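Each chain, written out:
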Amino acid sequence: MTVDSRRVDAPAHTNTVSRIGLVDDHDVVGLGVRALLTDHPDLEFVAAEPTVADLLAGTADLDVVLLDLRLADGSSIWQNISRLRQAGAEVLAFTSGDDVDLVRAAARAGIAGMVRKSEDSEHLLEALRHVARGEVVASTEWAAAVDSDPHAPGLSPRERQVLELYASGEKADRVARLLGVSRETVLDHIRRIRVKYAAVERPAHTKVELYMRAVEDGVLPGPG
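Reading the values: the criteria
- Residues numbered from 1 in each chain as written.
- Predicted model: local features only at pLDDT ≥ 70, side-chain atom pairs only at ≥ 80, totals over all residues.
- Heavy atoms only, no water.
- Helix = DSSP H or I, 4+ residues; strand = E, 2+ residues; numbered from the N terminus.
- Buried < 20%, exposed > 50% of the residue type's maximum accessible area, 1.4 Å probe, protein only.
- Contact = heavy atoms within 4.5 Å.
- Areas by Shrake-Rupley, 256 points an atom, 1.4 Å probe, with all protein chains shown as cover.
- Polar contact = N/O pair within 3.5 Å; in protein donor to acceptor, adjacent residues only side chain to side chain.

Per an unreviewed UniProt entry, the protein chain is named Response regulator transcription factor, and its organism is Occultella gossypii.

Set out below in structure tokens:
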């Protein structure tokens with residue numbers, strides 16, 4: 001398991017106990033996670049529910065949510081991850097990891113990492129603690145799926161910054177002031193971003209389309 005640098009949008013909890021939720025439609029999984037966390041006072045198991053809607057209806061105060069990427073309620077990966085992140089939780093995919101397309105979709109939607117259900121308990125505990133601290137847990141499967149995604153635009157960190165600000169509604173002048181660069185530099189970044197999206201057959205000719213791409217790739221949360 002590889003731990004990357006702190007996420008910009010990491011939760012600002014200062015307490016030493018991290019509140020953990022689970023979304024999985026198999027009861028036995030919830031029982032297993034609950035039993036595992038019982039002996040670890042820094043990780044409080046709050047609830048297990050079969051859907052994201054059910055989990056958030058019971059509590060919105062969660063630090064990390066383990067999310068099964070295959071749910072029977074027909075909800076989309078993007079919808080589930082977006083709702084959880086808007087509620088202030090980081091999302092750790094909890095999956096068999098055998099479907100590359102699912103992992104790619106989850107990565108685009110903004111998960112903080114992925115853990116296989118077949119991993120040993122210590123691996124899961126370590127991943128939960130890292131994500132609760134705002135870190136990204138990059139498993140080998142996750143990294144391989146993302147790196148091989150033919151639809152990923154390959155934006156640089158600066159281009160992602162520009163996209164986040166500009167697609168969220170800021171004007172180029174405002175983005176330039178926030179980043180300490182010239183307006184022309186911002187416009188150049190935007191042109192390059194559009195070229196990169198066009199190259200992977202995901203055109204973004206308008207600002208609305210840039211917003212859609214930013215949401216699809218987890219740069220921005222989706223609408224509530």
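Chemist: Explanation requested: the overall build of the protein chain in the structure shown.
Modeler: Within the protein chain one finds 10 helices and 7 strands. For the protein chain, buried positions account for 46% of its 224 residues. The long-range share in the protein chain, meaning contacts at least 24 apart out of those at least 6 apart in sequence, stands at 70%. As displayed, the protein chain has an accessible area near 11,000 Å², and 52% of this comes from carbon and sulfur atoms.

Chemist: What is the right way to look at the side chain of glutamate 135 in this model?
Modeler: Here glutamate 135 shows up in strand S7 (residues 135–138). Within polar-contact distance, the side chain of glutamate 135 engages the side chain of histidine 130 at 2.6 Å.

Chemist: Would you mind showing me how to read unusual backbone geometry here?
Modeler: Trans peptide bonds make up the majority, and among non-glycine residues the majority have a negative phi. A positive phi angle is found at glutamate 201, which is not glycine, with a value near 60°. You can see glutamate 201 is positioned in the loop between helix H9 (183–199) and helix H10 (207–216). Given the relative accessible area of 69%, glutamate 201 is considered exposed.

Chemist: So what exactly am I meant to see when it comes to the environment of isoleucine 190 here?
Modeler: Positionally, isoleucine 190 belongs in helix H9. Each C-alpha atom of the pair isoleucine 190 and leucine 210 lies 9.3 Å from the other, and the pair is 20 residues apart in sequence. Once you skip the residues sitting within four places of it in the chain, isoleucine 190 turns out to touch Val162, Tyr166 and Leu210.

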